[in-house]
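So the chains spell out like this:
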Amino acid sequence: MKIATWNINGIRARIETAVAWVREAQPDIVCLQEIKTVDEGFPAVAFEDLGYNVATHGQKGFNGVALLSKLPFDEVNRGLPGDDGDEQSRFIEGVFSVPSGALRVVSLYLPNGNPIGTEKFAYKLAWMERLRTWAAARLLIEEPLVLGGDYNVILEPRDAKDPSLWTGDALFQPESRQALRAIEALGFTDALRATTDAGGLYTFWDYQAGAWQKDNGIRIDHVLLSPRATDHLVSVGIDKHVRAWEKPSDHVPVFVELSL
DNA sequence: ATGGTGGATATTCCA
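Residues numbered from 1 in each chain as written. Chains lettered and ligands numbered in written order. Predicted model: local features only at pLDDT ≥ 70, side-chain atom pairs only at ≥ 80, totals over all residues. Heavy atoms only, no water.

With that settled, the discussion passes to the pattern of salt bridges. As enumerated under the stated definition, the model contains 15 salt bridges in all. Of the charged contacts, one joins R132 and E129 as a salt bridge, the two residues approaching to 2.8 Å between their closest N and O atoms. In this pair, R132 and E129 are both assigned in helix 3 (residues 119-139), three residues apart and thus about one turn of the helix distant. Residue classification places R132 among the partly exposed positions, given a relative accessible area of 27%. Notably, a salt bridge pairs R219 with D159, separated by 2.9 Å at the nearest N-O pair. One end of the pair, R219, is in the loop between strand 11 (217-218) and strand 12 (221-225); the other, D159, is in the loop between strand 8 (145-150) and helix 4 (174-184), and 60 residues separate them in sequence. One connected set of salt bridges, linked through shared partners, spans E156, R158, D159, R181, E184, D190, R193, D197 and R219. (Salt bridge = Lys/Arg side-chain N within 4 Å of Asp/Glu carboxyl O. Helix = DSSP H or I, 4+ residues; strand = E, 2+ residues; numbered from the N terminus. Buried < 20%, exposed > 50% of the residue type's maximum accessible area, 1.4 Å probe, protein only.)

This brings us to unusual backbone geometry. Here the residue pair N114 and P115 is connected by a cis peptide bond, since its omega of -5° sits within 30 degrees of zero. Here P115 shows up in the loop between strand 7 (101-109) and helix 3. Notably, K36 is not glycine yet its phi reads approximately 55°, a positive angle. Here K36 lies in the loop between strand 2 (29-33) and helix 2 (44-48). By relative accessible area, which is 27% here, K36 ends up partly exposed. In this structure, K247 takes a positive phi of about 50° despite not being glycine. Counting through the fold element by element, K247 comes out in the loop between strand 13 (233-238) and strand 14 (254-258).

Next up on the list: the UniProt feature "site: Important for catalytic activity" (unreviewed entry) in chain A. Residues given the UniProt feature "site: Important for catalytic activity" (unreviewed entry) here are D221. Within the fold, D221 resides in strand 12. The class of D221 is buried, set by a relative accessible area of 2%. When sequence neighbours within four positions are dropped, the list of residues in contact with D221 reads N7, Q33, G149, D150, T203, F204, H251 and V254. Here the side chain of D221 touches T203 through a polar contact of 2.7 Å, side chain to side chain. (UniProt positions renumbered as here; feature names shortened; annotations may be inferred. Contact = heavy atoms within 4.5 Å. Polar contact = N/O pair within 3.5 Å; in protein donor to acceptor, adjacent residues only side chain to side chain.)

As a further point, take the packing of aromatic side chains. Per the counting criterion, the structure on display carries six aromatic pairs. Taking the centre distance of 5.1 Å and the plane angle of 45° together, the rings of F73 and F96 count as tilted. Placement of the pair is F73 in the loop between strand 4 (65-69) and strand 5 (75-78) and F96 in strand 6 (residues 91-98), with a sequence separation of 23 residues. With a relative accessible area of 0%, F96 lands in the buried category. Through a chain of ring-to-ring contacts, three or more aromatic side chains come together here, namely Y202, W205 and W212. For K2, the ring lying beneath its charged end belongs to F255, and the centroid distance is 4.3 Å. (Phe/Tyr/Trp six-rings, centres within 6.5 Å; stacked < 30°, edge-to-face > 60°. Lys NZ or Arg CZ within 6 Å of the ring centre and 35° of its normal.)

The strands making up a sheet associate through backbone hydrogen bonding, with each pair oriented either parallel or antiparallel. One open sheet holds the six strands; their spatial order is 3-4-2-1-14-13, and the pairing between them is mixed. The open sheet terminates on both sides in strands that have one partner only, identified here as strand 3 (53-57) and strand 13. Looking at each pair of strands side by side, their axes are set apart by 15° on average, direction ignored. Inspection of the sheet shows strand 13 paired to strand 14 by five bridges, in the antiparallel sense. Pairing of G237 across the sheet is with F255, part of strand 14. Sheet strands in contact with helix 1 (residues 11-25) are strand 1 (2-7) and strand 2, and its direction is about 155° off that of strand 1. (Pairing = 2+ DSSP bridges. Axes fitted to C-alpha atoms, helices over the stretch in contact; angles between N-to-C directions.)

Quick look at the pairing of strand 2 now. Two faces, one strand: in a regular strand the side chains alternate between the faces of the sheet. The buried count for strand 2 comes to five of five residues, which makes it a mostly enclosed element. Inspection of the sheet shows strand 1 paired to strand 2 by five bridges, in the parallel sense. Paired with N7 across the two strands is Q33, which belongs to strand 2. Once you follow strand 1 into helix 1 and on to strand 2, the crossover reads as right-handed. Here five bridges tie strand 2 to strand 4, and the two strands are oriented antiparallel to one another. Residue pairing for strand 4: Q33 is matched across the bridge by V65. (Right-handed = clockwise from strand over helix to strand, strands pointing away.)

See below:
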């Protein structure tokens, strides 16, 4: 079972790139972020033609998440619980049947939070606390749970080419890093760190200032695994080569192989 | 050096 996450930065502008990658990578489930369209604007047919079921939680202009799955959806839940007044589309959960039982997969787009000291940073931290509360409850079910997404958090200095560039940025603030650590501390495994201690592994390179050419990247797209999912972890990968394609997203896909 | 790039949308916001 191959499960991937990818911030696509606009699915309508990126549909040809997305289809090319899906054809190449052959994932079973894909978590997409920043689809930047309402549900009706999502080009579902392009993926259905490749054998995928599609579930979206869109929004006009910004944000928006989606799930693609070769397995049928048993259940879909849209929106992160904990704030009925939050209208930003950043969370979708799919439930699937696997031989051992149920598999839950979330596509999440954590708030950027810049600039710090504003309501945007407060919203980021509040959203992370809501995620922690939700995840703690989900872990009680003791099922394989995969949280794939753009976390907008650089956990450690080794997750940035030049950490000094991110001083004062919401992605590298101590509060942001601590909040993600608190979620991991519930019992989740950062899939990539389960397989390597290496630095220099990035998932995002800014469009500006030749960041890709200089390999000035950061690792902010993560796959977190519940204990029951970690039990089945086979491998982790970053499809870095996709960043060099024409009309790329500024993020690349991250994927896990699970023996489910 | 206060720029640089890109998407969606509307002539600016967000990242």
